[in-house]
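So you can see what is in the structure, the chains are spelled out below.
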2 protein chains.
Amino acid sequence: MTTPETRFGRIRPAPENFLSQDDIRAVAAGRRGFLRKAFAAAGAAVAAPAAFAASPKGDPAILELPEWSTTLGQPVAANPYGMPSQFERGLVRRQSPGLTRVPGSSVSFTPLQGLFGMITPSGLHFERHHQGWHDVDPNRHRLMINGLVKTEAVYTMDDLMRLPSVSRIHFIECGANTGMEWGNVAVPTVQYSHGMLSCSEFTGVPLKLILDMCGADYKKGRYILAEGADGSSMTRTIPMEMVESGEVLVAYGMNGEMLRPENGYPLRLVVPGVQGVSWVKWLRRIEVGDQPWGAKDEAVHYIDMMPDGVHRQYTSIQECKSVITSPSGGQLLLDKGFHNITGLAWSGRGKITRVDVSVDGGINWMPARLEGPVLPKALTRFNCDWVWDGKPYILQSRAVDETGYVQPSYGQLRKVRGTSSIYHNNAIQSWKVAESGEVGNVQVL
Amino acid sequence: MTTPETRFGRIRPAPENFLSQDDIRAVAAGRRGFLRKAFAAAGAAVAAPAAFAASPKGDPAILELPEWSTTLGQPVAANPYGMPSQFERGLVRRQSPGLTRVPGSSVSFTPLQGLFGMITPSGLHFERHHQGWHDVDPNRHRLMINGLVKTEAVYTMDDLMRLPSVSRIHFIECGANTGMEWGNVAVPTVQYSHGMLSCSEFTGVPLKLILDMCGADYKKGRYILAEGADGSSMTRTIPMEMVESGEVLVAYGMNGEMLRPENGYPLRLVVPGVQGVSWVKWLRRIEVGDQPWGAKDEAVHYIDMMPDGVHRQYTSIQECKSVITSPSGGQLLLDKGFHNITGLAWSGRGKITRVDVSVDGGINWMPARLEGPVLPKALTRFNCDWVWDGKPYILQSRAVDETGYVQPSYGQLRKVRGTSSIYHNNAIQSWKVAESGEVGNVQVL
């Protein structure tokens, strides 16, 4: 970590970060009265970016005491369940307009450009629904175990939450994350290019323990089928080895509290390293079987179109990948000087061992600092020092995992996969910094 | 991890977990229309605990498809910033009635009895305010560095967020946590006995880096003063060794997003292992000096009354401590059988190396499973198997940290500290399980 010069570069967040009047109205409609004052202030903040130019000498902000230093503030538990500052109201999950025809079967993206560390706030966890989400009544929800087991069983939430419990931090990424980029559609911001990605601490019961209790036939029963309780009857086949490893969890907890309704409350499957579609939400049934089911969501969807026109099936593991989240597309470097380049790296095969950053489109690479703890099948935050001299640059990150796998360039990936796929794009992402300071999405082969 | 018998014990949450009609009204007043249906369902759930008794045979919940399996649900981004299920509305931060005279200078407690893992949801982070909280405008907020430095400086948030950034997971505990128990006031639930405790991933700039940039005189300047921007002019002395270790952060991020207003948005000090009062919120000034300041919050408050009537000052580090969060006070074991005993352990001196659990008031101890990652100065979740035979028991946990320090009993602690203190109570907590299944708070010396 170098000590930067005392004049810093400045950056303007991507449009998603700004607090728009629409956001204010939307929030105001759903918020308590005591927050109204904050909205006015928020409006003012947006209207007056001049404050950013303030300097120590004659800085209005330090010539007079602000109201928060001279008045009694809000009481404790004014928000029994707290929310972000009104000044952060622009940083939300967003749907990609026109991506799907039905918003009940669509995606909302996590605003990676404004986040820190490895944990994704549960309120900003990306969404992928096939028939919308419900706030399922945990008292009426059940989990059935059937198929190649000695004793079929039906569990209440109450039964499950009495069982031995484990807690583990893992990333979840939709198999279609960064899918638009296959066709060289350069989506404007990292929220839309990589935002089907989140990382949480999950708490639940190892599925192996439940199958043991039901006397599963591990000799014949080499696969399980996981089924969700929503109207899409989402079903996915998962090889029994993954269950036997003890990694697959029947989870009820996420980031310390119960799962959110949009993320499968009260019960979802956690399949570390595997694409999100297999992390079946509102989990209601596990069947043990002797062969893959070839369900619609594994025969028609979530398959890789290869250059020869054949679809590749059951490619579930998310390979090693990384992305710079700031500076990133849509942001603007407001002046030269020091900038902290930060981003995320992850691998469905285990731990990240190194991340390198290039500012010249991949000619030279410098090692980034990895923030601990570096955990298997979890997001790893990286940071890298950079002093911008005002010239154009191309920023890239390249991750390596503990298997030795190196994140490929678009050139390398397309040699094998072509350009017609939707899923499993883990290529190196490039952000172009123009002399104007504007940051845009470009593809470098 | 043992495989429990298939008939499980069942537990009723502490009163704080229930969804009361007041909660429903309070929430309804501040929520969007589309949630109304959920409130009705939530009301029903509370009114009908009968559902808990449902068995596979003739289980109404599996004889007919629920509405969430037969209808289109909510669209993505229905909540641009997501919230917990309406069925979890009872699990909130709560003020202790009558604990203080002014709710602007009071405490709200984290509902530990309903939480999982090591990460505390930011919406449930405990609060301790000295003059209430404000939603501070980040565009007007400044951090001043002065005192024994070559160059005094004033930083905008914009300046600070360009600096090299680190992310680390740490617990924060108020020095007065479990303070009521000194006087043998057995508060009813773990939310009130231990709820001034949270753990988050913090992101920010090492204070050492900022002091280096200002040319701090580390030879003379062996102390810093941290000052908050709220009306209480909260000021705390921190020894320079802690800053030099690189552990002290000027933090803007918590659990992946910006700090919450109640937790110091947009800037707070993070002082790992040290009591919460030193983690100055709404941080506006750091002064470097050659001796402790003896400010009011370190001369009059946050001092330990010893048996000889003398106050012990500057005892800032939170010693090794643990508590069973479930089963815990106010909860009810609804029948015999398997129960997962779970809780939290932490130490301001480093990592937790082991936690032992006793069900017979400390005569016999069994090692608990520690959930990874076990991090220094962070919460560590532990779990322990237990089959309840319906007889009375006393549940306890005892933590050991990497210095070899063993969490003391009340007898051991009082020999040294007496009973007149308010702060730094890290004694072993005892929960009594009656034959009725009721769990209560008792003190065992």
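Predicted model, so just to flag it, every value in this text is computed and none were measured.

Calculation notes
Residues numbered from 1 in each chain as written. Chains lettered and ligands numbered in written order. Predicted model: local features only at pLDDT ≥ 70, side-chain atom pairs only at ≥ 80, totals over all residues. Heavy atoms only, no water. Helix = DSSP H or I, 4+ residues; strand = E, 2+ residues; numbered from the N terminus. Buried < 20%, exposed > 50% of the residue type's maximum accessible area, 1.4 Å probe, protein only. Contact = heavy atoms within 4.5 Å. Domains from an automatic or database assignment. Buried area = accessible area lost by both parts, 1.4 Å probe. Salt bridge = Lys/Arg side-chain N within 4 Å of Asp/Glu carboxyl O. Polar contact = N/O pair within 3.5 Å; in protein donor to acceptor, adjacent residues only side chain to side chain. Pairing = 2+ DSSP bridges. Nonpolar A, V, L, I, M, F, W, Y, C, P; charged D, E, K, R; others polar.

**Remarks on the overall build of chain A**
Inference 1: Along chain A, the regular secondary structure elements total nine helices and 26 strands.
Inference 2: The proportion of buried residues among the 445 residues of chain A is 64%.
Inference 3: For chain A, the proportion of contacts with a sequence separation of at least 24, taken over those separated by at least 6, is 71%.

**Description of the domain arrangement of chain A**
Residue and element names in this part refer to chain A.
Inference 1: Domain annotation for chain A reports domain 1 (4-44 + 318-444) and domain 2 (122-312).
Inference 2: Contact residues are listed per partner, giving 36 residues for domain 1 and 39 residues for domain 2.
Inference 3: In total, domain 1 and domain 2 occlude about 3,200 Å² of area from one another, counting both sides; carbon and sulfur atoms represent 55% of this.
Inference 4: Three residues stand out in domain 1 for area buried against domain 2, namely Gln318, Lys377 and Tyr423, and they jointly supply 22% of the buried area on that side.
Inference 5: For the interface between domain 1 and domain 2, the tally reads three salt bridges.
Inference 6: Arg417 is paired through a salt bridge with Asp304; the nearest N and O atoms lie 3.6 Å apart.
Inference 7: The tally of links from domain 1 across to domain 2 stands at 19 residue pairs in polar contact (both at pLDDT 80 or more).
Inference 8: Those elements that provide at least two residues to the side of domain 1 that touches domain 2 are β17 (321-326), β19 (337-346) and α9 (410-417).
Inference 9: Considering every element that reaches the side of domain 1 that touches domain 2, the biggest residue donor is α9, with five residues.

**Here's the deal with the sheet that holds strand β4 (residues 127-128) of chain B**
Sheet strands pair via backbone hydrogen bonds, and the direction of the pair is either parallel or antiparallel.
Residue and element names in this part refer to chain B.
Inference 1: Taken together, three strands build an open sheet; the order of strands is β2-β3-β4 and the sheet is antiparallel. Looking at the sheet topology across the chains shown, the edges are occupied by β2 (94-95) and β4.
Inference 2: Taken together, the two bridges between strand β3 (residues 107-109) and β4 define a ladder with antiparallel strand orientation. Bridge pairing links Val107 to Arg128 in β4.

**Observations regarding the interface of chain A and chain B**
Inference 1: Every contact between the two is made by 120 residues of chain A and, on the other side, 121 residues of chain B.
Inference 2: Carbon and sulfur atoms supply 62% of the area buried between chain A and chain B, which totals about 10,600 Å² over both sides.
Inference 3: Area buried by chain A at its contact with chain B is led by A:Trp68, A:Phe116 and A:Arg162, which between them contribute 9% of it.
Inference 4: Summed over the shared surface of chain A and chain B, the number is two salt bridges.
Inference 5: Two residues, A:Arg140 and B:Glu67, come together in a salt bridge whose shortest N-O distance is 3.1 Å.
Inference 6: Where chain A meets chain B, there are 46 residue pairs in polar contact (both at pLDDT 80 or more).
Inference 7: Grouping the constituent residues of the side of chain A that touches chain B by class yields 57 nonpolar, 38 polar and 25 charged.

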